[in-house]
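Structural characterization, general
Single-letter residue listing:
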Amino acid sequence: QVQLVESGGGLVQPGGSLRLSCAASGSTLDNYAVGWFRRAPGKGREPVSCISSSDGSTYYADSVKGRFTIYRDNAKNAVYLQMNSLKPEDTAVYYCAAEPYYEVYSIQAKCIEGGMDYWGKGALVTVSS
């Protein structure tokens, strides 16, 4: 099984940037579709961005499109979420999650569904002045 640990969260001013890291152990993360999800105060979990295993296809929620970028660094067995132009409404606990590639047909569908097999414990991002 793969274990996932998020890092890079913190407090940032509106308009600022943060990079979240999802570090994996126990397996090769390149063999998994990986997604970032978030839970804002008083709200349910929502997909943010996901990346496929086979061809690197990505999905972004409309709310973050053009501001966030998901990418892999296979040498570090990690996936990152670069977050730019942060807004107060981005404040949330961000979770990294993974699904074996052979169980994913459409990265968009999987990301929207959110039914990943493996989850990290989350990293808090607070956007406030």
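This report concerns the structure included in the present document. (Residues numbered from 1 in each chain as written. Predicted model: local features only at pLDDT ≥ 70, side-chain atom pairs only at ≥ 80, totals over all residues. Heavy atoms only, no water.)

**Brief notes about the nonpolar core**
Keep this limit in mind: To form a nonpolar core, buried Ala, Val, Leu, Ile, Met, Phe, Trp, Tyr and Cys residues must be joined to one another through side-chain atoms within 4.5 Å. Note on classification: 1.4 Å probe, protein chains only; a residue is buried when its accessible area is under 20% of the maximum for its type, exposed when over 50%, partly exposed between these limits. Here a residue-residue contact requires only that any non-hydrogen atoms of the pair lie within 4.5 Å.
The biggest cluster of nonpolar side chains holds 38 residues, and the ones touching the most others in it are Leu29, Trp36, Leu81, Met83 and Tyr94. Those residues in contact with Met83 that sit more than four places away from it in its chain are Gly16, Ser17, Leu18, Leu20, Arg67, Phe68, Tyr94 and Val125.

**Things to note about the state of the cysteines**
Filter applied, for reference: Cysteine sulfur atoms that pair up within 2.5 Å are treated as a disulfide. Put simply, DSSP H or I for four residues or longer makes a helix, DSSP E for two residues or longer makes a strand, and each gets a number counted from the N terminus.
Tallied over the full model, the rule gives two disulfides. Bridging Cys22 to Cys96, the disulfide has an S-S length of 1.9 Å. Judged by the sign of its S-S torsion, about -70°, the bond between Cys22 and Cys96 is left-handed. Taken together, the positions of Cys22 in strand 3 (residues 18-25) and Cys96 in strand 9 (residues 92-100) put the pair 74 residues apart, joining distant regions of the chain.

**A word on the sheet that holds strand 1 (residues 3-7)**
To keep it simple, the criterion reads: Strand pairing is assigned whenever DSSP identifies at least 2 bridges connecting the two strands. The convention used is that axes are lines fitted to C-alpha atoms, helices contributing only their stretch in contact, and that angles between N-to-C directions extend from 0 to 180 degrees.
If you walk across this open sheet you meet the four strands as 1-3-8-7, and the pairing is antiparallel. Two strands bound the open sheet, and with one partner strand each, they are strand 1 and strand 7 (68-73). On average, adjacent strands in this sheet sit at an angle of 20° to one another, irrespective of strand direction. In terms of strand pairing, strand 3 meets strand 8 (residues 78-83) through six bridges, oriented antiparallel. Each residue of the ladder has a partner; that of Leu20, found in strand 8, is Leu81.

**With respect to the side chain of Lys110**
Quick reminder of the rule: Pairs of N or O atoms are called polar contacts if they sit within 3.5 Å, as long as, within protein, a hydrogen donor faces a hydrogen acceptor (for residues adjacent in sequence, only side-chain-to-side-chain pairs).
Its place among the elements puts Lys110 in helix 1 (residues 107-113). For Lys110, a relative accessible area of 10% gives the class buried. At 3.2 Å, the side chain of Lys110 forms a polar contact with the side chain of Glu113. For Lys110, the contacting residues outside a window of four places in its chain are Glu99, Glu103, Val104, Gly115 and Met116.

**Quick look at the environment of Leu86**
By the element assignment, Leu86 lies in the loop between strand 8 and strand 9. The exposure class of Leu86 is buried, given its relative accessible area of 2%. Spatially, the C-alpha atoms of Leu86 and Ile70 are 15 Å apart, while their sequence positions differ by 16 residues.

**Concerning the pairing of strand 8**
Residues in a regular strand project their side chains so that they alternate between the two faces of the sheet. Taking burial as the measure, the six residues of strand 8 include five buried ones, the bulk of the element. As paired elements, strand 7 and strand 8 share six bridges and run antiparallel to each other. Pairing of Asp73 across the sheet is with Ala78, part of strand 8.

**Looking at the pairing of strand 3**
In terms of strand pairing, strand 1 meets strand 3 through five bridges, oriented antiparallel. If you follow Glu6 over to strand 3, its bridge partner there is Cys22.

**Brief notes about unusual backbone geometry**
The phi dihedral of Asn77 is positive, around 50°, even though this residue is not glycine. Mapping Asn77 onto the fold places it in the loop between strand 7 and strand 8. The phi dihedral of Ser85 is positive, around 50°, even though this residue is not glycine. Tracing the backbone through its elements, the reader meets Ser85 in the loop between strand 8 and strand 9.

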